[in-house]
Structure formats: structure tokens, C-alpha cells
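# Close look at the chain arrangement
Residue-level listing of the chains:
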Amino acid sequence: MKIAALAGGVGGARFLRGLRDALDADPDLADSELTIIANTGDDISLFGLRICPDVDTLLYTLGGGGDEEQGWGRADETHVVQGELAAYGVQPQWFGLGDKDFGTHIARTLWLRQGASASAVTARLAQRWGLPDKRITLLPMTDVPVETHVVVDRGEGPVAIHFQEWWVADRAATPAERFVVAGLDTAAPAPGVLDAIRGADLIVLPPSNPVVSIGIILGLPGIRDALRGSPARVVGVSPLIGGRPVRGHADACLSAIGVEARAMAVAGLYADFLDAWLVDPADAPGESTASGAPRRAGGPVVQASAGPLLMTDRARAAELARQTLDLGLTLT
Ligand code: GDP
Ligand code: FO1
Ligand code: CA
């Protein structure tokens, strides 16, 4: 089976590692191919280096080198370089970069400067982390550098700041008026992205941020049409549990686009291509259906997970992924 997934960082990576585990545990599905289309709107250039947080989180988590507790960055990390930069007064200091992680950014930047595309660079990084051996293809959503910005008003009129500055330095405390991604609406999807969607037997939306992870990927030309036109079932997992994000500021992102922080309101953002939606038992009763022009008559099939939608560990993520697979495979 060919599976395509759209993903951000931590929520996407933890779920997709569970999905790979669930596939590997099933003799009928072990040879399935998983193609992941990663958000690159979070990308930022700092200290002359190109940093792709969601791609790197996917690489490290799926490759077994990530910081399990934090969810992003490398395991057993040190911060000598950052300390040296701070000693020189080099700004910014609000973005924490470890020494091993710096290695990734240096390699990426070097290869980009040598003329490689973002997809070619990602493929080289993925090779080192053994992703092809695990039947995982990791694609950046586009080869065009696009960066999400957030329009905020700190009392001196609206200004656009980089998404990472809002998310990390500001902790999303200043309300976002809107998100702007210059060039997104003309950026071509990276090679293989549309083919992965069109050729998939199943399409999965992990519990990634619906606005600044999956929402950004959906903003690329051709992605939504490919999803709408795909004969494959599209199954998603809610990133909200009890109406709240598990981590991060998805509620602040939803508020900026005028969408309520509810599992079914998130499904409404995908209504035109979504076939089924897995929600936490806490969100199932009394939730109204997804709004928007539904792909299926009556809207997506909504199923409450057999247990909490919280990925407490790798085994639980695999169980959730198995439920998501079963939901997709049993839909008529
Ligand atoms: P980011 O790029 O690192 O922010 O990661 P993603 O966009 O892939 O995922 C972020 C979303 O994952 C957040 O909105 C969280 O609510 C969601 N999330 C994180 N852990 C879990 C979990 O255990 N279960 C569910 N259902 N959602 C989760
Ligand atoms: N997230 C933070 O909250 N603080 C950080 O200092 C930080 C550094 C960082 C460095 C590399 C990387 O790949 C990711 C990093 N993240 C950090 C996570 C990440 O930027 C964001 O959580 C997500 O992109 C938000 O979607
Ligand atoms: Ca992200």
C-alpha cells in the first residue's frame, strides 16, 4: 500500500513513527511505502544557516536521534556553540540550537549553496537517518523558500514578524491578526509531492497544527485540488483533545483565522477532502458536525478513539495509528 501524509513537526513525527511501527507489525502492510510531505513554512535563516524545524523533527524522530522529551532537536545535546555566540553578543538568543543540530544546519546550508534543491538536501539528510531503509520518503512541501509570518500589533500598528519569533520568543502571547506566507500561492510543490497524493492508496493527516503546519501545506497551488480529486480515502486525527492543543499554541492559531478550538471545527477546515476524522472520547459527545462543503454526504465519518488520543509513548502512538489505518481501510 502507498500512504501519503502531510505533517508538521512534533505531533506529525510522533504519529508517523507510530504509523511506521503499526505497518511493520502487520505482515500484510509491512511493505507499505510512506511518503511524508513536510511543512517548510517554519523554516528560518539564522547565523547564515538554513534551519528547517519541521523537516528536522521528522528526520530525528523517525531516524531515532531525537530528544524524546522535548520532541524537537537531538538527543544528548550540548550547547557549546550557542554559548560562544552569546559570549560574542550575537543575536538572536531566543532560538535554542544545540551543537549536533548545528551540524545538520551546516550540512544543509553547504549543500544548498552548492546548488542542491531543498528536496535533494532533504533526501541526503534522510539517507543518513536511514529513512529509505524504513520505506519512508520525506519530501519538503516545496523547494521554494517560503516563511510563515505573523501579523501582530504591539501598540505601534500592525507588523509582520517571523513565525518562530512569535511562537518561541513571544510564546504566542501577542494575539496574531493573521498569518502571511509571501510567495506561497505561487510556489510549486516539490517534485514528487503531487504524485504522492495522486498515487496514494490512503492519505493521512496526523495530529499536526491545522493552521501553521497542515494549513500552510494546503496553501500551495494544486495540493487541495489533488486531495479533493484523489480516489484514496483521507483520514485525519484531531490535534485537539477536549478542545485544547496537547502542546503549543494551536488555539491561538485557530483564533487568528476565526475558527473555534474544537476538534470538529478543525475537521471543518478539511471538509472538502476529508473522509474520516478520529477524535478523543472527550470530544465525541455533543460535538456538532464539521462545517464547510463536505466531500462525503453528511460530512466526514467521525470516530471516537478507543482510548485517549494522547500519544503518551511510542506504543500508544502505534495503537492510534493502527486505529487510523483501520478507519481508512474500512470506509466504503
Ligand atoms: P510542531 O510543528 O512541532 O508544532 O508539530 P505539529 O504541527 O506536527 O503538531 C502540533 C500539534 O500536535 C499540536 O497542536 C498538538 O496539540 C498536537 N499533538 C501533540 N501531541 C499530541 C498527542 O499526543 N495527541 C494528539 N491528538 N495531538 C497531539
Ligand atoms: N521551540 C521552542 O519552543 N524553543 C526553541 O528554542 C526551539 C528551537 C528549535 C531549534 C531547532 C528546531 O528544529 C526546532 C526548535 N524549536 C524550538 C521547535 C520549533 O521551532 C517549533 O516548536 C515548531 O516549529 C512550532 O511549530
Ligand atoms: Ca512546526
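Residues numbered from 1 in each chain as written. Chains lettered and ligands numbered in written order. Predicted model: local features only at pLDDT ≥ 70, side-chain atom pairs only at ≥ 80, totals over all residues. Heavy atoms only, no water.

One finds L6, W166, F179, I223, Y270 and W277 to be the most contacted residues of the largest nonpolar core, which totals 54 residues. In terms of residues, this core owes the most to one element, helix α11 (residues 263–269), which gives five residues. Core analysis: the next-biggest nonpolar cluster, separate from the first, contains 42 residues, W111, L138, V235 and L309 among them. (Core = buried A, V, L, I, M, F, W, Y, C linked by side-chain atoms within 4.5 Å. Buried < 20%, exposed > 50% of the residue type's maximum accessible area, 1.4 Å probe, protein only. Helix = DSSP H or I, 4+ residues; strand = E, 2+ residues; numbered from the N terminus.)

Take empty space enclosed by the protein next. Under the defined criterion, the tally for this structure stands at one cavity of 30 Å³ or more. As for the largest cavity, its lining consists of V10, R14, R17, T61, G66, D67, E68, G71, W72 and G73. Sort the elements by how many residues they give to the lining of the largest cavity and helix α1 (residues 10–24) lands first, with three residues. Partitioning the lining of the largest cavity into residue classes produces two nonpolar, four polar and four charged. (1 Å grid on protein atoms, 1.4 Å probe; cavity = no way out; pocket = protein on both sides within 12 Å on 5 of 7 lines; lining within 4 Å. Points joined across faces, edges and corners; volume = space filled by probe spheres on them. Nonpolar A, V, L, I, M, F, W, Y, C, P; charged D, E, K, R; others polar.)

Let's shift gears to the coordination of the calcium ion (ligand 3). At this site the calcium ion (ligand 3) is bound by D42 (OD), D54 (OD) and D54 (OD), with donor distances of 2.0 to 2.6 Å. Here D54 falls in the buried class, since its relative accessible area comes to 6%. (Donors = N, O, S within 2.8 Å, 3.2 Å for Na, K, Ca; no water.)

Put simply, the chain has an average pLDDT of 96, and 99% of its residues get 70 or more. Looking at the elements of the chain, mean pLDDT is at its lowest for strand β14 (residues 301–304), recorded as 94, and at its highest for strand β2 (residues 33–38), recorded as 99. (pLDDT = per-residue confidence, 0-100.)

Overall, antiparallel pairing links the three strands, which are arranged β7-β6-β8 in an open sheet. A single partner strand is all that each edge strand has here, and the edge strands are β7 (158–162) and β8 (178–181). Adjacent strand axes in the sheet meet at a mean angle of 35° when their direction is disregarded. In terms of strand pairing, strand β6 (residues 148–153) meets β7 through five bridges, oriented antiparallel. Its bridge partner being in β7, V150 is matched across the sheet by I161. (Pairing = 2+ DSSP bridges. Axes fitted to C-alpha atoms, helices over the stretch in contact; angles between N-to-C directions.)

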